[in-house]
Amino acid sequence: MASVRVETIVAASPGAVWAAIADVGNVHRRLLPGRVADARIEGDERILTLPDGTEVRELIVAIDHEQRRLAYSVQGPGRLTLAHHHAAFEVHDHDGTRARLVWTTDVLPHDREPAVRARVERGIEEMRAVLESHRA
């Protein structure tokens with residue numbers, strides 16, 4: 001299984017960053033406006049609507065407020081054909097005023113790793129910019 005791990009330092013408090021990450025129904029407002037047009041929750045699933053109308057279904061596996069960890073799994077269909085996807089966000093204190101945001105994504109097949117890495121690297125930087133703009 002290919003594993004992609006990226007992290008960034010966010011000039012916002014860990015509590016504020018976690019609040020945005022944990023607000024799973026508002027990813028389109030608090031983390032990725034423009035990249036995600038809408039989000040809705042149906043049971044344990046989050047359905048993301050992309051600007052072109054494509055829908056991506058994600059199973060919300062865990063929201064751990066104590067550990068500041070959110071785990072989810074793309075169920076389909078998405079733009080990449082994946083046999084397996086599991087990802088997690090973790091929010092850590094960096095220096096008392098900033099947060100360290102870690103995003104780990106495991107995927108199969110292995111050859112999708114470069115495409116997933118490119119999306120995750122771009123995505124975490126977009127999230128950092130939104131979180132730092134206080135729009136989160």
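Worth saying up front: this structure is predicted, and the values here are computed from it rather than measured. (Residues numbered from 1 in each chain as written. Predicted model: local features only at pLDDT ≥ 70, side-chain atom pairs only at ≥ 80, totals over all residues. Heavy atoms only, no water.)

For the rest of this paragraph, the subject is the overall build of the protein. The secondary structure content of the protein amounts to three helices and seven strands. Across the protein, helices and strands are ordered from the amino to the carboxyl terminus as β-α-α-β-β-β-β-β-β-α. Rg of the C-alpha trace for the protein: 14 Å, near the compact-globule value of 14 Å for 136 residues, within the 12% margin. Dimensions of the protein, computed from the C-alpha atoms along their principal axes, are close to 40 × 30 × 25 Å. Buried residues in the protein amount to 39% of all 136 residues. The long-range share in the protein, meaning contacts at least 24 apart out of those at least 6 apart in sequence, stands at 48%. The distance from the centre of the 18 positive side-chain charges to the centre of the 21 negative ones in the protein is 4 Å. (Helix = DSSP H or I, 4+ residues; strand = E, 2+ residues; numbered from the N terminus. Rg over C-alpha atoms; globule rule 2.2 N^0.38 Å. Buried < 20%, exposed > 50% of the residue type's maximum accessible area, 1.4 Å probe, protein only. Contact = heavy atoms within 4.5 Å. Lys, Arg positive; Asp, Glu negative; His and termini not counted. Charge placed at Lys NZ, Arg CZ, Asp CG, Glu CD.)

Right, let's talk about the packing of aromatic side chains for a bit. Applying the stated criterion across every chain, the model contains two aromatic pairs. Centroid distance Tyr-72 to Phe-89: 6.1 Å. Interplanar angle 20°. Geometry classified as stacked. Of this pair, Tyr-72 sits in strand β5 (residues 69-77) while Phe-89 sits in strand β6 (residues 84-93), and the two are 17 residues apart along the sequence. In this structure, Tyr-72 and Phe-89 share a single accessibility class: buried. In this structure an aromatic cluster arises from ring pairing among Tyr-72, Phe-89 and Trp-103. (Phe/Tyr/Trp six-rings, centres within 6.5 Å; stacked < 30°, edge-to-face > 60°.)

Moving on: the environment of Leu-32. Structurally, Leu-32 is set in the loop between α2 (27-30) and β2 (38-42). Between the C-alpha atoms of Leu-32 and Leu-131, which are 99 residues apart in sequence, the distance is 9.6 Å. In this view, Leu-32 contacts Val-27, Gly-123, Glu-126 and Met-127; residues no more than four positions away in its chain are not counted.

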